[in-house]
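So you can see what is in the structure, the chains are spelled out below.
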Amino acid sequence: MPLFSYKALSTNGTVATGEIEASDRPEALRALDKRGLQPVNLKESSKAVPAKSAKKNKTSAPRRKEKSTDKEDELPDGPLKLKRAEVILFTEELSDMLGAGLQLEPALKSMENRQELGSLKAVSQRIRTIVRDGVNFSVALKKVSPSFGPLYCSLAAAGEASGALDTILKRQAHYLKTLAELQSRLIIAMIYPAFLILVGLGVGVVFVTTLIPQLTELIKSTPGGKIPFAIAMMMGFADFLSSWWIVILLVLVGGFLFFKAWKDNEANKPKWDEIKLNMPMAGAVISSRFYVQFLETMANLVGNGLPLLRALELSRDATQNLSLRGQLNNVIDQVGDGRAFSKAMIRSGTFPPLLIDMIAVGEQTGKIDQSLRRAAERYDKELDKDLQRVMALIMPSVLIMMALLIGSFAYLMITAIFQTISNLSG
């Protein structure tokens, strides 16, 4: 069995050195971890364990495995699912520890030992085990849990490359909290409109199935009674729905499945992302969110010494909208050919003039990271305004639709009643 020589920190802060037997490097790291030692240096020794000793270890290994209480054996197999609140908590805790000066592995070890983190302890342990074996943090995130998502992992990779992982994670925690707050506000704001929509649909069903048929029979029974065209059209539409509702439902379901298949096709994703950018209200929110994320990522990367071209490549990898990613590819190609960043953005035709002007000022002063950060703050305010505008328009829009629906029914009913009265009096 191989023999590994190590140098490690003990729990009381002293340096411990020695040798340990293990089948491979990961097992040696786990054995040191059980002893409470934090490895600083671990390498395979040129010495070999005697065959007799190895045989003894081999025969006694099953007994030790049976008695093993290693935490890793208690972890469930497969990727671990996390709630959004748990992802936010993990990101905040880790960014705070990294910002306080801890290295990544000790920070994960500290989170693993926390009693109140719940399922995050298992996630921290798995990530630490993978990182300890020399794998990048962003790759470990992908392996451990799909809940982090491609955007989160891309930003983590950018933070690792720039040495600003704590700053990137702190911003990501802020972004996730903002998104969660937005969804919460949206749900609260939609409760009353959803109630109004249900009430309106209920009133419409009562009108079409009960009141209007009774009123129609009354008009037909009066001498010279004539059913108004609007009511006759509504009754025809109701009869059509009652006769063909299964076909209509199948067509709607088929249309939805076809649209989903088209949207999920890799060849159509750039087109769908471009359509989302041009949607009323939602397009402005998506664009503003992209500018904030892109500018802040660029500011952190450039501010930590990364070359502009490499920072652009990492920022592009962190962009989920394929249409915008294609525009960034054009910018990267031009910057790679020696063109100024602001000139490349002008030629792409995607970025707003104000943003380009702010970046051009940064290029002239040699403080492009500060210009990017100021632009990010500006578009963060624009994003907040866009979100408030969308939230403010939801309620009036629903109220107007409900007023038109109920008003139309009421008008038809009153018209039919007055016509029936006039026929009776005539």
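Peer 1: Mind showing me how you'd approach the pattern of salt bridges here?
Peer 2: Side chains bearing opposite charge may pair, as long as their charged atoms lie close to each other. What the rule picks out here adds up to eight salt bridges. Among the salt bridges present, the one from Asp264 reaches Lys263, with a minimum N-O distance of 3.2 Å. For Lys263, a relative accessible area of 23% translates into the label partly exposed. With a shortest N-O distance of 3.3 Å, Arg316 and Asp317 are connected by a salt bridge. What emerges from the salt-bridge pattern is a single network uniting Lys260, Lys263 and Asp264.

Peer 1: Would you mind going over the confidence of the model for the chain with me for this structure?
Peer 2: Segments scoring low in pLDDT should not have their predicted coordinates read at a detailed level. Scored by pLDDT, the chain has a mean of 77; 86% of the residues are at 70 or more. Here residues 51-75 is modelled with pLDDT under 50, and outside its nearest four sequence neighbours on either side it reaches 21 contacts, counting other chains as well.

Peer 1: Sorry, what's going on with the side chain of Glu93 here?
Peer 2: Looking at the element boundaries, Glu93 is found in helix α4 (residues 84-99). Contacts of Glu93, omitting those with residues within four sequence positions, involve Met111 and Arg114.

Peer 1: Any chance you could explain the packing of aromatic side chains here in plain terms?
Peer 2: Enumeration according to the criterion identifies 10 aromatic pairs in this entry. With 6.5 Å between their ring centres and 25° between their planes, Phe259 and Trp262 make a pair best called stacked. With a gap of three residues between them, Phe259 and Trp262 both fall in helix α10 (residues 229-264), about one helical turn apart. Given the relative accessible area of 34%, Phe259 is considered partly exposed. A relative accessible area of 28% places Trp262 in the partly exposed class. Each ring, one from Tyr291 and one from Phe351, has its centre 6.3 Å from the other, and the planes form 45°; the classification is tilted. Placement of the pair is Tyr291 in helix α12 (residues 282-303) and Phe351 in the loop between α15 (341-348) and α16 (353-365), with a sequence separation of 60 residues. When sorted by exposure, Tyr291 lands in the same class as Phe351, which is buried. Site record: aromatic cluster; members linked through ring pairs are Phe290, Tyr291, Phe294, Phe351 and Tyr379.

Calculation notes
Residues numbered from 1 in each chain as written. Predicted model: local features only at pLDDT ≥ 70, side-chain atom pairs only at ≥ 80, totals over all residues. Heavy atoms only, no water. Salt bridge = Lys/Arg side-chain N within 4 Å of Asp/Glu carboxyl O. Buried < 20%, exposed > 50% of the residue type's maximum accessible area, 1.4 Å probe, protein only. pLDDT = per-residue confidence, 0-100. Contact = heavy atoms within 4.5 Å. Helix = DSSP H or I, 4+ residues; strand = E, 2+ residues; numbered from the N terminus. Phe/Tyr/Trp six-rings, centres within 6.5 Å; stacked < 30°, edge-to-face > 60°.

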